[in-house]
Amino acid sequence: MPLLDIRNLSVSIPTSEGEVHAVRAVSLEIERGEVHGVIGESGCGKTMTGMAVLGLAPKGARIVADRFNFDGEDLRERAAQLRGRRIGMIAQDPAAALNPVLSIARQMDDVIRAHRDLPHRGRHAEAVELLAATGLPDPERVLRSYPHQLSGGMQQRVVIAQALATGAEFLIADEPTTALDVSVGAQVLALLRKLVTERGLTVLMITHDMDVIAEACDRATVLYAGRSVETGPVDAVLQSPGHPYTRALLAALPDAAPLGARLAAIEGSIPPPRSAIAGCAFASRCPQALQQCAATPPPGRNRAAHRWLCHLPEDAA
Ligand code: SF4
């Protein structure tokens, strides 16, 4: 049984101008010990999917799913209880995640005290161990510091140590390297992979960056307009993508263009979140669209564990 098992999740938010379909039909299966990347453009529903798993969808949001389970428990009823105990979060901007006026010692202690019944000395030793586990070279000095005295990479390691302090086995990392420069971001990804191996963690990695998927993930799911359109092992998704949208994303990468050539762009835009979509959401932008694409939902295609939704036959991919 997958640790996270989502089938046809939709999250709709009522507004005075009509319902916003933030997530329309997302399916995700994440096995224990896996780093699973969820990728797509802004507005594709990836962050809202993560918020729904954490039980933090906006007030009044309507959550509907065929399955929405974490380790067999229905997240519609149990997300708030699981958050901070079994499910943790690594935020995009570590500076915003840390309190600027409290020392790291105080912030680590607050988290450990909320989750562990330890005396002060034990909590201090735990904080030192967790900071060391994230690769911070001098944990005692870090504990005496305030967030502004640490670099962005060090702050992100503290945020990861706080997530570990909760004892959570499943972490949702929402664009964890976006606020960092490239080399520091690569170190943070390597750290997450190391922690997955050493501590048996499972990670849902939300990103808009194909390089993060390639570097850090075992499997990936591509979202478009609130729907999961392709999923599979990272090598299969990146090297032989089945869905035209995934192919367009890969073609738009700087490395895909010859030196000096213009980057390929995906013409058009995502359907507005209030619109109804009858067929394939990508139909208005797809260079291979068929006559039936706009009106008829695309069928599932697959090569073993690599699956996608498209009217084109498998051998056209
Ligand atoms: Fe393109 Fe049609 Fe496939 Fe959608 S279903 S990705 S429009 S070919």
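Everything discussed here concerns the structure shown above.
Cut-offs applied
- Residues numbered from 1 in each chain as written.
- Predicted model: local features only at pLDDT ≥ 70, side-chain atom pairs only at ≥ 80, totals over all residues.
- Heavy atoms only, no water.
- Helix = DSSP H or I, 4+ residues; strand = E, 2+ residues; numbered from the N terminus.
- Buried < 20%, exposed > 50% of the residue type's maximum accessible area, 1.4 Å probe, protein only.
- Contact = heavy atoms within 4.5 Å.
- Lys, Arg positive; Asp, Glu negative; His and termini not counted.
- Charge placed at Lys NZ, Arg CZ, Asp CG, Glu CD.
- Expected span 1.5 Å × (residues − 1).
- Polar contact = N/O pair within 3.5 Å; in protein donor to acceptor, adjacent residues only side chain to side chain.
- Near = heavy atom within 4 Å.
- 1 Å grid on protein atoms, 1.4 Å probe; cavity = no way out; pocket = protein on both sides within 12 Å on 5 of 7 lines; lining within 4 Å.
- Sits in = over half its atoms within 2 Å of the grid points.
- Nonpolar A, V, L, I, M, F, W, Y, C, P; charged D, E, K, R; others polar.
- Points joined across faces, edges and corners; volume = space filled by probe spheres on them.

A. Examining the overall build of the chain more closely. For the chain, the count of helices and strands is 11 helices and 13 strands. In terms of its C-alpha atoms, the chain occupies a principal-axis envelope of roughly 70 × 50 × 40 Å. In the chain, which comprises 317 residues, the proportion classed as buried is 49%. Pairs at least 24 apart in sequence give 64% of the contacts found in the chain among residues at least 6 apart. If the 32 positive side-chain charges of the chain are averaged to one point and the 35 negative ones to another, these points end up 4 Å apart.

B. Structural view of helix α7 (residues 152-165). Here α7 spans 20 Å end to end across 14 residues, near enough to the 20 Å set by a 1.5 Å rise per residue. Most of α7 is tucked away, with 13 of its 14 residues classed as buried. Trailing α7 by a residue or two, G167 shows a phi angle of about 85°, which is positive.

C. Spotlight on the side chain of T207. Within the fold, T207 resides in strand β9 (residues 202-207). A distance of 2.9 Å separates a polar side-chain atom of T207 from the backbone nitrogen of D209. Residue contacts for T207: discarding those within four places in its chain leaves V38, I39, G40, K46, E175, V212 and I213.

D. Representation of the site of the ligand in the model. H243, P244, C280, A283, C286, Q288, A289, C293, P298, C310, H311 and L312 make up every residue found near the ligand. When atom positions are compared with the pocket grids, the ligand is found to occupy the largest cavity. Of the residues belonging to the shell around the ligand, the class tally is nine nonpolar, three polar and no charged.

E. Here's a closer look at the layout of surface pockets. Put simply, the largest pocket is a space of about 470 Å³. Looking at the lining of the largest pocket, the elements that each hand over two or more residues are β1 (4-15), β2 (18-30), β10 (219-224), β11 (227-233) and β13 (306-309). Ranked by residues supplied to the lining of the largest pocket, first place goes to β11 with five residues. The residue makeup of the lining of the largest pocket, split by class, is 12 nonpolar, seven polar and six charged.

F. Layout of empty space enclosed by the protein. Applying the stated criterion across every chain, the model contains two cavities of 30 Å³ or more. By volume, the largest cavity is sized at about 90 Å³. In this structure, the largest cavity is lined by 13 residues; those nearest its centre are C280, C286, C293, C310 and H311. Here the lining of the largest cavity is composed, by residue class, of 10 nonpolar, three polar and no charged. Of the pockets and cavities examined, the second largest cavity occupies roughly 30 Å³. Forming the boundary of the second largest cavity are V26, L28, V38, K46, T49, G50, L204, I206 and L223. Going through the elements one at a time, β2, α1 (46-53) and β9 are the ones with two or more residues in the lining of the second largest cavity.

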